[in-house]
Amino acid sequence: MDFSIKTFDAKNPLAALKTGCLVVGVFEEGKLSPAAKGLDGKGEIAAALKSGDISGKAGSTLLMRKVNGLAAERLLLVGLGKEQPPTEKNLASAMQAAAKALTSLGAADAVFALPFEEIKDRDASWAIRSSTLGLREGAYRFESLKSKKEPAPQGPRKIAFAVPAANASAAKTALAQGVAIANGMELTKDLGNTPPNICTPTYLADTAKKLAKEFDMAVEVLDRKQIQALKMGSFLSVTHGTLEPPKFIVLKYLGSKAKDAPVVLVGKGITFDSGGISIKPSGNMDEMKYDMCGAASVLGTLRAIAELKLKLNVIGVIPSTENMPSGSATRPGDIVTSMSGQTIEILNTDAEGRLILCDALTYSERFKPAVVVDIATLTGACVTALGHHNSGLFTRHDEDHDKLAQELLVAGKAAGDTAWRMPIEENYQEQLKSNFADMANIGGPPGGSITAACFLERFTRNYTWAHIDIAGTAWKSGSTKGATGRPVPLLTTFLIHREQARERTQSGNGKKTA
Ligand code: BES
Ligand code: MN
Ligand code: ZN
């Protein structure tokens, strides 16, 4: 899909726009959007509404051909519902319905002239970003491994959004962001959906190398020997049961001065989580191929920000291995020493995510980070707590961390990829007490996602840190089984906001000295 922005003004009205199909909105009760009104010189659109051929309900459509006075071959009316200004939900339904209607038309291109500037509580930039994401989401398939591909729904390859000429530059920026986020999400989804016999730690490392080449990033892939030299005893304990070689991947996007402290994104990269000796039940175990979605979201986010050329330094850190049972696998009761020197009694080998992340979090200290955010499909308990709508957000509770939490929550809301803050408190830490080591790797059933975060917290005391548990949001089960690409929109938006904030303070400083 090729996206672009088309502009209109008094001199170049929508009516003169040459396209295979122009898409405009109508409302319930026979009301036209301003764009539709402007095109309706001969009253044909109003008459179509009056005839009852289209209700105006969100997602209703009606195709008209060769409408008087229009350069467009076709006019697709799409319902935006009752409320004016239209709600974001109704805009999404309208976009979806229009995309579907377009698949059965012969038009080679389409121009969406919906009231992007007027969505309730949102601005035009938001509307263009989210419409781009919606169209790309609808067109996504993962069929590279089917020998007979299902016929892909046809539709126009070229899509444009029509905006008033005065808004052109903001719209172009928003479109570039939407496309970059969609590209990042697609990489994240592809990696998640790729089966675990193909998407191994080596495959993730190769993907990072490819990204580095394409987008001029630096990459380092550490193998078992190098991981041993770093004394990552906790990470290594998870690799003992598998024949797949582990990889520790570091991908650096340096878009700013070398001295600028980087944002470090740490992603859980378990390419298959059988549970190890504490083996999981067989039902739906295939879905544990998605246990590398944190890692995939780090790669997807780096792809998005590299495409946008953000002026920030961002480093991706990915510990990756399978978690398998075998004669050489770690046993419940084993005690290991993490890179930090803290010892861990492994009471359940299925709580492996925290075991690989803790060493990656310690490793991240060397970058003297501005902040570290880890992203992990960490606990089933997070799914119980928050379901599939919100990712779980965990940070310490001080001023510095409250600010970081707020930044991430705001980014999630802006991106339609929301998180919900959960507590990390001393009381929960007590559940991790071990009689034989510095800590146990599980805290029992109560508050399972919180004790997992408390475990990680013990390895992050030298910097500002947040943890995002995406166990409920990274993929969907059932008939629509597939990776969602979350939280790439949240993370990318967080980084875009950080870049904007930096530019604001820099130009502010500039003014003061001038
Ligand atoms: N990868 C799983 C978490 C998970 C489970 C995500 C189901 C999504 C759906 C993680 O490694 C795990 O197994 N966690 C255990 C922790 C427990 C042993 C303390 C869990 O959630 O059951
Ligand atoms: Mn597990
Ligand atoms: Zn896991």
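Higher on the page you've got the structure.
Residues numbered from 1 in each chain as written. Chains lettered and ligands numbered in written order. Predicted model: local features only at pLDDT ≥ 70, side-chain atom pairs only at ≥ 80, totals over all residues. Heavy atoms only, no water.

**Considering the overall build of the chain**
- Counting its regular elements, the chain contains 15 helices and 20 strands.
- Its C-alpha atoms give the chain a radius of gyration of 25 Å, within 12% of the compact-globule value 24 Å for 514 residues.
- Taking the principal axes of the C-alpha coordinates as reference, the chain spans close to 85 × 65 × 45 Å.
- In the chain, which comprises 514 residues, the proportion classed as buried is 56%.
- Within the chain, contacts between residues separated by at least 24 positions form 77% of all contacts whose residues are at least 6 apart in sequence.
- In the form shown here, the chain has an accessible surface area of approximately 22200 Å², with 52% of it arising from carbon and sulfur atoms.
- Each charge sign in the chain was given a centre, from 61 positive and 54 negative side chains, and these centres are 5 Å apart. (Helix = DSSP H or I, 4+ residues; strand = E, 2+ residues; numbered from the N terminus. Rg over C-alpha atoms; globule rule 2.2 N^0.38 Å. Buried < 20%, exposed > 50% of the residue type's maximum accessible area, 1.4 Å probe, protein only. Contact = heavy atoms within 4.5 Å. Areas by Shrake-Rupley, 256 points an atom, 1.4 Å probe, with all protein chains shown as cover. Lys, Arg positive; Asp, Glu negative; His and termini not counted. Charge placed at Lys NZ, Arg CZ, Asp CG, Glu CD.)

**Topic: the site of ligand 1**
- Around ligand 1, 16 residues are found, and the nearest of them are Lys280, Asp291, Asp350, Glu352 and Gly380.
- Contact with the protein chains covers 76% of the free accessible surface of ligand 1, which is 520 Å².
- For the shell around ligand 1, the residue count by class is five nonpolar, four polar and seven charged. (Near = heavy atom within 4 Å. Nonpolar A, V, L, I, M, F, W, Y, C, P; charged D, E, K, R; others polar.)

**As for the coordination of the zinc ion (ligand 3)**
- Binding of the zinc ion (ligand 3) to the protein goes through Lys268 (NZ), Asp273 (OD), Asp291 (OD) and Glu352 (OE), at separations of 2.0 to 2.4 Å.
- One way to put it: the six donor atoms around the zinc ion (ligand 3) meet at angles of 79 to 175 degrees, and that makes the site octahedral.
- In primary-sequence terms, the residues that donate to the zinc ion (ligand 3) follow K-x4-D-x17-D-x60-E.
- Between the two metals, the zinc ion (ligand 3) and the manganese ion (ligand 2), the spacing is 3.1 Å, and aspartate 273 donates to both.
- Given a relative accessible area of 2%, aspartate 273 falls into the buried group. (Donors = N, O, S within 2.8 Å, 3.2 Å for Na, K, Ca; no water. Tetrahedral: all angles 85-135°; square planar, octahedral: opposite > 155°, others 65-115°.)

**Some words on the packing of helix H5 (residues 168-193) against helix H9 (residues 293-308)**
- Direction vectors running N to C along H5 and H9 enclose 155 degrees, while the axes themselves pass 8 Å from each other. Between H5 and H9, the angle is such that the two are roughly antiparallel. Crossing hand, H5 versus H9: right-handed. Across the interface between the two elements, Ala176, Gln177, Val179, Ala180, Ile181, Asn183, Gly184, Leu187, Thr188, Leu191 and Gly192 from H5 touch Cys293, Ala296, Ser297, Leu299, Gly300, Arg303, Ala304, Glu307 and Leu308 from H9. (Axes fitted to C-alpha atoms, helices over the stretch in contact; angles between N-to-C directions. Parallel < 35°, antiparallel > 145°, perpendicular 65-115°, else oblique. Left-handed = near helix turned anticlockwise from the far one by under 90°.)

**Quick notes on helix H3 (residues 88-103)**
- Compared with the 22 Å implied by 1.5 Å per residue over 16 residues, the 23 Å span of H3 between its first and last C-alpha is a close match.
- For H3, the complete set of buried residues consists of Asn90, Leu91, Ala94, Met95, Ala97, Ala98, Ala101 and Leu102.
- On its buried face, H3 sits against strand S2 (21-26), strand S3 (61-65), strand S4 (74-79), strand S5 (109-113), helix H4 (124-139) and strand S6 (158-164). (Expected span 1.5 Å × (residues − 1).)

**A look at the pattern of salt bridges**
- Tallying each qualifying case throughout the model produces 22 salt bridges.
- Between lysine 120 and aspartate 121 there is a salt bridge, with its nearest N and O atoms 4.0 Å apart.
- The class for aspartate 121 is exposed, based on a relative accessible area of 70%.
- Two residues, lysine 268 and glutamate 352, come together in a salt bridge whose shortest N-O distance is 3.1 Å. Pair noted here: lysine 268 is in the loop between strand S9 (263-267) and strand S10 (269-273) and glutamate 352 is in the loop between strand S13 (343-345) and helix H10 (353-363), with a separation of 84 residues, a long-range link.
- The exposure class of lysine 268 is buried, given its relative accessible area of 2%.
- Residue glutamate 352 is classed as buried on the basis of its relative accessible area, which comes to 1%.
- Salt bridges here are not isolated pairs; linked through shared partners, they connect Glu29, Lys31 and Lys82. (Salt bridge = Lys/Arg side-chain N within 4 Å of Asp/Glu carboxyl O.)

**Details of the sheet that holds S6**
- The six strands lie next to each other as S1-S6-S5-S2-S4-S3, forming an open sheet whose pairing is mixed. Edge positions in the sheet fall to strand S1 (2-8) and S3, since each of these pairs with one other strand and no more. In this sheet, neighbouring strand axes are inclined to one another by 25 degrees on average, regardless of whether the strands run parallel or antiparallel.
- Two elements, S1 and S6, share seven bridges in a ladder whose sense is parallel. Among the inter-strand pairings, phenylalanine 3 is bridged to a residue of S6, identified as isoleucine 159.
- Set on the sheet, H4 makes contact with S1, S5 and S6; between it and S6 the angle comes to about 165 degrees. (Pairing = 2+ DSSP bridges.)

**Digging into the coordination of the manganese ion (ligand 2)**
- With distances of 2.0 to 2.2 Å, the protein atoms coordinating the manganese ion (ligand 2) are Asp273 (OD), Asp350 (O), Asp350 (OD) and Glu352 (OE).
- Metal-centred angles of 70 to 168 degrees between the six donor atoms at the manganese ion (ligand 2) mark the site as irregular.
- Of note, the manganese ion (ligand 2) draws all its donor residues from one chain, in the sequence arrangement D-x76-D-x1-E.

**Quick look at the nonpolar core**
- In terms of nonpolar packing, the biggest core is built from 53 residues, with Met217, Leu265, Leu299, Val373, Phe494 and Leu495 touching the most fellow members.
- Among all residues touching leucine 265, those that are not within four sequence positions of it are Val298, Thr301, Val314, Ile315, Gly316, Val317, Val373, Ile375, Leu491 and Leu495.
- Core analysis: the next-biggest nonpolar cluster, separate from the first, contains 43 residues, Met232, Leu236, Val336 and Leu432 among them. (Core = buried A, V, L, I, M, F, W, Y, C linked by side-chain atoms within 4.5 Å.)

**Some points on the side chain of threonine 484**
- With respect to the helices, strands and loops of the structure, threonine 484 is situated in the loop between strand S20 (482-483) and helix H15 (488-513).
- A relative accessible area of 13% means that threonine 484 is categorised as buried.
- Among the polar contacts made by the side chain of threonine 484, one reaches the main-chain carbonyl oxygen of threonine 473 at a distance of 2.7 Å.
- Contact partners of threonine 484, with chain neighbours within four places excluded, come to Glu137, Met185, Lys189, Thr473, Ala474, Trp475 and Lys476. (Polar contact = N/O pair within 3.5 Å; in protein donor to acceptor, adjacent residues only side chain to side chain.)

**A word on the sheet that holds strand S12 (residues 335-337)**
- A sheet is described by the order of its strands in space; here three strands give the open sequence S12-S13-S17, paired in mixed fashion. At either margin of the open sheet sits one strand with a lone partner, and together these are S12 and strand S17 (439-440).
- Bridge analysis of S13 against S17 gives two bridges, and the strand direction is parallel. Among the inter-strand pairings, isoleucine 344 is bridged to a residue of S17, identified as methionine 439.

**Observations concerning the packing of H10 against helix H14 (residues 448-457)**
- For the pair H10 and H14, interaxial distance at closest approach is 9 Å and the crossing angle is 30 degrees. As summarised for this structure, H10 and H14 are arranged roughly parallel, according to the angle between their axes. Relative to H14, the crossing made by H10 is right-handed. Across the interface between the two elements, Arg354, Leu355, Leu357, Cys358 and Leu361 from H10 touch Ala452, Phe455 and Leu456 from H14.

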